[in-house]
Amino acid sequence: MTCFILFLAGENFEQTPLRRTFKSKVLARYPENVDWNPFDQDAVGMLCMPKGLAFKTQADPREPQFHAFIITREDGSRTFGFSLTFYEEVTSKQICSAMQTLYHMHNAEYDVLHAPLADGQDHSDMEDGEGTPGTKLQRFNSYDISRDTLYVSKCICLITPMSFMKACRSVLEQLHQAVTSPQPPPLPLESYIYNVLYEVPLPPPGRSLKFSGVYGPIVCQRPSTNELPLFDFPVKEVFELLGVENVFQLFTCALLEFQILLYSQRKSVLTTALSLHRASLLSISDTVGLTVKDKGCYSLNKTQIFC
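Here the residue numbering is sequential within each chain, running from 1 through the sequence in written order. Totals for whole chains, interfaces and linings use every residue, but because this is a predicted model, local features are given only for residues with pLDDT of at least 70 and side-chain atom pairs only at 80 or more, for both listing and counting. In computing side-chain properties, one takes all heavy atoms of the structure into account and sets aside hydrogens as well as water.

Q: Sorry, what's going on with the packing of helix 5 (residues 235-242) against helix 6 (residues 244-255) here?
A: Helix-helix packing is characterised by the crossing angle of the two axes and by the distance between the axes. Helix axes are fitted only over the stretch in contact, all axes being lines through C-alpha atoms; the angle between N-to-C directions runs from 0 to 180 degrees. In DSSP terms, a helix is any run of H or I states spanning at least four residues, a strand is any run of E spanning at least two, and both are numbered starting from the N terminus. Where helix 5 contacts helix 6, the axes come no closer than 6 Å and their chain directions differ by 105°. Compared by their axis directions, helix 5 and helix 6 come out roughly perpendicular. Where helix 5 abuts helix 6, its residues Val-238, Phe-239 and Leu-242 lie against Val-244, Asn-246 and Val-247. These descriptions rest on fixed angle ranges, namely under 35 degrees for roughly parallel, over 145 for roughly antiparallel, 65 to 115 for roughly perpendicular, and the rest for oblique. Residues are treated as being in contact if the distance between any of their heavy atoms lies within 4.5 Å.

Q: Can you help me understand the packing of helix 3 (residues 165-180) against helix 4 (residues 189-199) in this one?
A: Between helix 3 and helix 4, whose axes approach to 11 Å, the crossing angle comes to 170°. As far as their axial angle goes, helix 4 and helix 3 are roughly antiparallel. Each of Val-171, Leu-175, Ala-178 and Val-179 in helix 3 lies in contact with helix 4, whose residues at this interface are Leu-189, Tyr-192, Ile-193 and Val-196. Its residues assigned to classes, the contact of helix 3 with helix 4 shows eight nonpolar, no polar and no charged. Three categories are distinguished: nonpolar for Ala, Val, Leu, Ile, Met, Phe, Trp, Tyr, Cys and Pro, charged for Asp, Glu, Lys and Arg, and polar for the others, with Gly belonging to the last.

Q: What exactly am I supposed to notice about the confidence of the model for the protein chain here?
A: Interpretation of this model should avoid reading the predicted coordinates in detail wherever pLDDT is low. Per-residue pLDDT for the protein chain averages 76, and the proportion of residues at 70 or more is 76%. For every residue, the pLDDT score states the predictor's confidence, bounded by 0 at the bottom and 100 at the top. Here strand 8 (residues 304-306) stands out as the element of the protein chain with the lowest mean pLDDT, 44, in contrast to helix 3, whose mean of 92 is the highest. The low-confidence segment residues 1-11 (pLDDT under 50) makes 23 contacts with residues lying over four places distant or belonging to another chain. Low pLDDT, under 50, characterises residues 123-139; the predicted model gives this stretch 38 contacts beyond four residues in sequence or across chains.

Q: Is there a simple way to explain the pairing of strand 6 (residues 208-212) in this structure?
A: Along any regular strand the residues' side chains alternate between the sheet's two faces. Exposure categories follow from relative accessible area, calculated using a 1.4 Å probe and restricted to protein chains: below 20% of the type maximum is buried, above 50% is exposed, and the middle band is partly exposed. Only one face of strand 6 is buried, namely the one carrying Leu-209 and Phe-211, since none of Ser-208, Lys-210 and Ser-212 on the opposite face is buried. Two strands qualify as a pair provided that DSSP identifies no fewer than 2 bridges between them. The pairing of strand 6 with strand 7 (residues 217-221) spans five bridges and is antiparallel. Pairing of Ser-212 across the sheet is with Pro-217, part of strand 7.

Q: Which parts of the structure should I look at to understand the pairing of strand 4 (residues 78-89)?
A: Within strand 4, nine of the twelve residues are buried, which leaves it mostly tucked inside the rest of the structure. Of the strand pairs in this sheet, strand 3 (residues 65-72) and strand 4 are connected by eight bridges, and their pairing is antiparallel. The partner of His-67 across the bridge, within strand 4, is Ser-83. Between strand 3 and the antiparallel strand that follows it, strand 4, lie five residues; Gly-76 among them carries a positive phi value of about 95°. As paired strands, strand 4 and strand 5 (residues 150-160) are joined by ten bridges and run antiparallel to one another. By the bridge assignment for strand 5, Phe-80 is matched with Thr-160.

Q: Help me understand the packing of aromatic side chains, please; the structure alone is not making it clear to me.
A: Any pair of aromatic rings gets described here by the distance separating the centres and the angle formed by the planes. Pairs were defined over the aromatic rings of Phe, Tyr and Trp, the Trp ring being its six-membered one, requiring ring centres within 6.5 Å. Orientation was assigned from the angle between planes: stacked under 30 degrees, edge-to-face over 60, tilted for the rest. One pass over the full model with this rule turns up three aromatic pairs. With a centroid separation of 5.2 Å and 85° between ring planes, the pair formed by Phe-22 and Phe-55 is classed as edge-to-face. Of the two residues, Phe-22 is situated in the segment before strand 1 (29-30) and Phe-55 in strand 2 (residues 55-57); the sequence distance between them amounts to 33 residues. The residues Phe-22 and Phe-55 share a single accessibility class, namely buried. Taking the centre distance of 4.8 Å and the plane angle of 40° together, the rings of Tyr-194 and Tyr-198 count as tilted. You can see Tyr-194 and its partner Tyr-198 sitting in helix 4, four residues apart, about one turn around the helix. Accessibility expressed as a relative area gives 46% for Tyr-194, which makes it partly exposed. Over the ring of Tyr-151 we find Arg-62, and its NZ or CZ is 4.0 Å from the ring centre. Placement of a charge over a ring requires the Lys NZ or Arg CZ to be within 6 Å of the ring centre, with the centre-to-atom vector within 35 degrees of the ring normal.

Okay, here's the thing in structure tokens:
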């Protein structure tokens, strides 16, 4: 049987296979069908795994990573996504063999491009005008199917109508702990997922809600109508990364209607920074008559979980 591994468009093939990213796919979602809200698999996959699927070995760090994202409709309504990415051992011999084949191909190309020329000159030493410069392929970070254990990234995510970040993170982390723990949870795992989807109500304004997770209670609180909008993201993290002066500079640019582009290697920070920026504008919108608008194209609604 042939195994196909799809690369992301624009992928850098100079990288070793373990440093490349691959196309991700939604494996399951609950509820499976929402008639009035079609599920956009490509959009969700892109938001949960912006860099695509990744492979690692036992020598690489594999700590779970949490991040949040926001889905904005054309009418300005918003839903919130919370994703926990972790690594699971690959048990398919077919995929392991495919990864080994990719490394054989990569190393063969490396040897060809770095073989010395007839005059003793190396391909990598060529300058423009003297020939085609050799591609500097990387040969480190190899994979040996007989020696290494292969891991692949997976993700579980919650889509909610409100940004209960801390509660959703606790739900996902407890579900992940239940899957990876050698001891099974007190109840079947499906019962906890069903409880989150169908039995945990949205708290009314000004009230708190406490419900049971897999291993412990989870609490979320919704502000009343005369309070500031719900903001459950770690504000301190943004100030530590940007500094007080830069945060106020960002706020000033927003008031002056400048276009703002935020870039970070940590996707978890982006949503926090943008949410803080939006919340700061909302806090003064009623006073100075500001209109806060969001732009987006992907839409989901209600609480959904998928992996």
